[in-house]
Amino acid sequence: MTIAIRTEQSEELSSLERVVLALQYKKPDRVPAAPLVCGASCRVLGYSYDRWSQDPRIAIASLVAAQELIEFDGFLTLVDLSVEAEDFGQELIFPERSTALPNFDNPFIKTADDYSKVKAVDPRKSRRMSTVIEIVRGLVEAKGDTVPTMGFVYGPLGVLSQIRGHAELFKDIIRHPDRVLEAVHTINKVLVEYALAQIEAGAHAIVLDPLYSSASILKKSTWVKFEAEIFKSVSDAIRDAGVPVLVHNCGGGVYFDAVLEHINPIAISHAYPAHGSANWEEHAANWAKKVVTIGVADPAKVGHEFSQAQVLEDSRQQIETFKVAEGGFILSSGCEFPPNGNLLSARTMVQAARLYGRY
Amino acid sequence: MSADQEELFERLATAVFELDEALAAKLSQEVLDRGYDAWNAVEHGLLAGVNRAGKLFDEEEYFVPELLIAADAMYAGLAILRPHIKGHDSGFNRKVVIGVVQGDTHDIGKNLVRIMLEVAGFEVHDLGRDVPPRKFVEAAIALKADVIALSTLMTTTMERMGEVVSILEAEQVRNRFKVIVGGSPLSQQFSDRIGADGYAPKAAQAVELTKRLVGLVNAA
């Protein structure tokens, strides 16, 4: 994919131009701001969450309206972390005002013997993944010339945890490693196709979410064995298609070194300092020049707690901390902006980028 | 305690710590077969083992899978020993009702807190995940609990915690219970706003907080 960027910056760049430059460590007109407004967009046009997450026309209209209202610099097609799980057979619950979730009273994988029940599906035809593909297509059609659309793929181990149950999966990793690995491989093959389908629909980049690459959950070597070495093929396929790979992980203590080694993204969206970094200053010194930073606002504080003045100050501090990135920084929430959060705060983050993020 | 007892309890602790559920059950039965005190086996075997696992968790040698299996090993032994614990008084008799609030199924954090509270001697009643606010209140009243512990990992379900407090107030039973909250998106500010009694950012801190709130340790 080739994106022409105006070199004369006397006028404000488009969001697409701004993000493309930041992803290359080239200073755009200002710090891009993309506070991961996904499900929260349903409230802009007054739709319920369950309709937003299942009807691509509603999601597209809502996300476009949210972008025009908030003026954020990028779409992320994170609908919920159960999209892939349903298509593999997991029953879901769709609350009217909250994110869809698996019905763990009825997990698809009830015992370790059930891992073999996981079979490949066609993401272009399965109900929920095809919905996300259509959302990508609609956003690109509506705004593709000016606003980047980033597709989203949850990692295979994450998907598996949504159809087995988190605790049971983690115990099975020790008790039944071969069965877990077999299912991870099956899911991963589908995810390759899912990523490619989003690219075919026009996604400017794909965000991969290897949630368990986090010291708050798994040992690094465990994550590498059970996800990284397998998920790598998805990132390779995306790069082979000429599209940038980004990573999102809102877990605590992300293994940046292992993520870069195996997934090799050009940017990482995250909520906490990397594993081994005691604070944001240390993190920025260690990593900001090695991989573009997307973050790092605390979504609950920004969405639920902070006044607008606090959001401005919080954003200013982040921009200041990541000046060391020399342009490779996108101001964002460290995880999805709270679907029930104060949308004005998302707009204030964009305003902060305009006020404090000029290069 | 005889050397034989000590050696058996040490093997029991090692079985838990080394994640061997079957061996923990087998050794617990051996404790009974030899006529040793069941509570001593719990304290010096099972709990010692899970405490060692917890220490390794803090040191990032063990992670969530290892801690969950160590807990399973502890529970396997406890199931055998518990019916034979006679007249034991852990020093306090405090009850905690714990669960993940409605709309959320992420229960790893809640499970870790439950394990650590049990190891600390609390009687913990786990309501599971996706628990409606009113169910917390009903269970706490029915069980005469001291503490209601609420967990969530999602910003969309945080407000359910405030609903629990509101129901307690509406039922005029708020002062009977301490309410604590925990989970990745939460903060002390949020806890204060909904009128909870305390917030713990980590599982181990939840235990200290609970002890403090029920008066088992002095307030900091």
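All of these numbers come straight from a predicted model, not from anything done at the bench.

**Student:** How do you make sense of the overall build of chain A when you look at a structure like this?
**Tutor:** Along its length, chain A carries 14 helices and 9 strands. Here the C-alpha atoms of chain A give a radius of gyration of 19 Å, agreeing with the 21 Å that 2.2 N^0.38 yields for 359 residues. Each of the three principal axes of chain A carries a C-alpha extent, and together these read 60 × 45 × 40 Å. Counting only residues that meet the buried cut, chain A has 61% of its 359 residues in that class. Relative to all contacts within chain A whose residues are 6 or more apart in sequence, the contacts with residues 24 or more apart total 74%.

**Student:** What should I look at first to understand the overall build of chain B in this one?
**Tutor:** Tallying secondary structure elements over chain B gives 9 helices and 5 strands in all. Of the regular secondary structure in chain B, the N- to C-terminal order runs α-α-α-α-β-α-β-α-β-α-β-α-β-α. Expected size for 220 residues packed as a compact globule is a radius of gyration near 17 Å; at 18 Å, chain B falls within 12% of this value. Of the contacts made within chain B by residues no fewer than 6 positions apart, 72% connect residues no fewer than 24 positions apart.

**Student:** For this particular structure, what's the right way to read the domain arrangement of chain B?
**Tutor:** How big an interface is tends to be expressed through the accessible area that disappears when the partners come together. All names here are of chain B. For chain B, the domain assignment lists domain 1 (3-84) and domain 2 (95-213). Computed over C-alpha atoms, the centres of domain 1 and domain 2 are 27 Å apart. Each side of the interface is counted separately: domain 1 has 8 residues, and domain 2 has 6 residues. By residue class, the composition of the side of domain 1 that touches domain 2 is 6 nonpolar, 2 polar and no charged.

**Student:** Would you mind going over the sheet that holds strand β4 (residues 149-154) of chain A with me for this structure?
**Tutor:** In sheet architecture, strand pairing relies on hydrogen bonds along the backbone and comes in two forms, parallel and antiparallel. Residues and elements named next belong to chain A. In space, the 7 strands of this open sheet follow the order β1-β4-β5-β6-β7-β8-β9, with parallel pairing throughout. Bordering the open sheet on either side are β1 (75-76) and β9 (329-333), each of which pairs with just one other strand. Here 5 bridges tie strand β8 (residues 292-297) to β9, and the two strands are oriented parallel to one another. Each bridged residue has a counterpart across the sheet, and for I294 the counterpart in β9 is I330.

**Student:** Can you help me understand the interface of chain A and chain B in this one?
**Tutor:** Across the contact, 27 residues belong to chain A and 24 residues belong to chain B. Elements that contribute at least two residues to the side of chain A that touches chain B include exactly β3 (101-102), α7 (166-175) and α12 (299-305) of chain A. Class assignment for the residues of the side of chain A that touches chain B results in 15 nonpolar, 8 polar and 4 charged.

**Student:** For this particular structure, what's the right way to read the sheet that holds strand β1 (residues 95-100) of chain B?
**Tutor:** Residues and elements named next belong to chain B. Read across the sheet, 5 strands follow the order β2-β1-β3-β4-β5 without closing on themselves; strand pairing throughout is parallel. Each end of this open sheet is capped by a strand with a single partner; those strands are β2 (123-126) and β5 (198-199). Note that strand β3 (residues 147-151) and strand β4 (residues 178-182) share 5 bridges and pair parallel. When the bridges of β4 are listed, A149 appears paired with I180. On top of the sheet, helix α5 (residues 108-119) reaches β1, β2, β3 and β4; it is set at about 165° to β1, its chief contact.

**Student:** Sorry if this is basic, but what is going on with the packing of helix α6 (residues 156-164) of chain A against helix α8 (residues 177-200) of chain A here?
**Tutor:** In a packed pair of helices, the relevant descriptors are the angle between the two axes and the axis-to-axis distance. Residues and elements named next belong to chain A. At a minimum axis separation of 9 Å, α6 and α8 run at an interaxial angle of 115°. Relative to α8, α6 is oriented roughly perpendicular. The element α6 and its partner α8 pack so that their crossing is right-handed. On α8, the residues that touch P156, L157, V159 and L160 of α6 are A183, V184, I187, N188 and L191. Looking at the contact of α6 with α8 residue by residue, the classes come out as 8 nonpolar, 1 polar and no charged.

**Student:** I keep staring at α7 of chain A and nothing clicks. Help me out?
**Tutor:** Since the α-helix turns once every 3.6 residues, residues separated by three or four places project in the same direction. The buried count for α7 of chain A comes to 7 of 10 residues, which makes it a mostly enclosed element. Among the structural elements, α6, α8 and α9 (220-240) of chain A together with α4 (64-81) and α5 of chain B are those in contact with the buried residues of α7 of chain A.

**Student:** I keep staring at the pairing of strand β5 (residues 205-209) of chain A and nothing clicks. Help me out?
**Tutor:** Two faces belong to every sheet, and in a regular strand the side chains alternate between them. Residues and elements named next belong to chain A. Along β5, 5 of the 5 residues are buried, which leaves the element largely enclosed by surrounding structure. Residues A205, V207 and D209 of β5 are buried on one face, and the alternating residues I206 and L208, pointing to the opposite face, are buried as well. Relative to β5, β4 is paired through 5 bridges, and the arrangement is parallel. Bridge pairing links Y154 to D209 in β5. Pairing of β5 with strand β6 (residues 245-249) involves 3 bridges; the strand directions are parallel. Paired with I206 across the bridge in β6 is V245. In this fold, β5 hands off to α9, which returns the chain to β6; that crossover is right-handed.

**Student:** Before we go on, may I ask you to explain the confidence of the model for chain B in this structure?
**Tutor:** Atomic detail in the predicted coordinates should be set aside for any region of low pLDDT. Per-residue confidence for chain B gives a mean pLDDT of 91, with 96% of residues at or over 70. On the interface metric, ipTM, the complex scores 0.90, and its pTM is 0.91.

**Student:** Any chance you could explain unusual backbone geometry here in plain terms?
**Tutor:** Residues and elements named next belong to chain A. The omega angle of the peptide bond from G295 to V296 is 5°, so this bond is cis rather than trans. At Y25, a position not held by glycine, the phi torsion is positive, near 60°. Along the polypeptide, Y25 turns up in the loop between α1 (15-23) and α2 (49-52). Despite not being glycine, L36 shows a phi value in the positive range, around 45°. Positionally, L36 belongs in the loop between α1 and α2. The exposure class assigned to L36 is buried, which follows from the 28 C-beta atoms found within 10 Å.

**Student:** How should I be thinking about helix α6 (residues 133-143) of chain B in this particular structure?
**Tutor:** All names here are of chain B. Looking only at α6, the buried set comprises P133, F136, V137 and A140. Buried residues of α6, seen end-on, are gathered within an arc of 95° and therefore sit on one face of the element. Those residues of α6 hidden inside the fold are in contact with β1, β3 and α7 (159-170). Just downstream of α6, K144 is the residue with a positive phi angle, here 55°.

**Student:** Before we go on, may I ask you to explain the environment of E200 of chain A in this structure?
**Tutor:** All names here are of chain A. With respect to the element layout, E200 can be found in helix α8. On the basis of neighbour count, E200 is assigned to the partly exposed category, with 13 C-beta atoms found within 10 Å. C-alpha separation for the pair E200 and I133, spaced 67 residues apart in sequence, amounts to 8.8 Å.

Conventions adopted
Residues numbered from 1 in each chain as written. Chains lettered and ligands numbered in written order. Predicted model: local features only at pLDDT ≥ 70, side-chain atom pairs only at ≥ 80, totals over all residues. Helix = DSSP H or I, 4+ residues; strand = E, 2+ residues; numbered from the N terminus. Rg over C-alpha atoms; globule rule 2.2 N^0.38 Å. Buried ≥ 20, exposed ≤ 12 C-beta atoms within 10 Å, placed from the backbone. Contact = placed C-beta atoms within 7 Å. Domains from an automatic or database assignment. Nonpolar A, V, L, I, M, F, W, Y, C, P; charged D, E, K, R; others polar. Pairing = 2+ DSSP bridges. Axes fitted to C-alpha atoms, helices over the stretch in contact; angles between N-to-C directions. Parallel < 35°, antiparallel > 145°, perpendicular 65-115°, else oblique. Left-handed = near helix turned anticlockwise from the far one by under 90°. Right-handed = clockwise from strand over helix to strand, strands pointing away. pLDDT = per-residue confidence, 0-100. Arc of directions from axis to C-beta.

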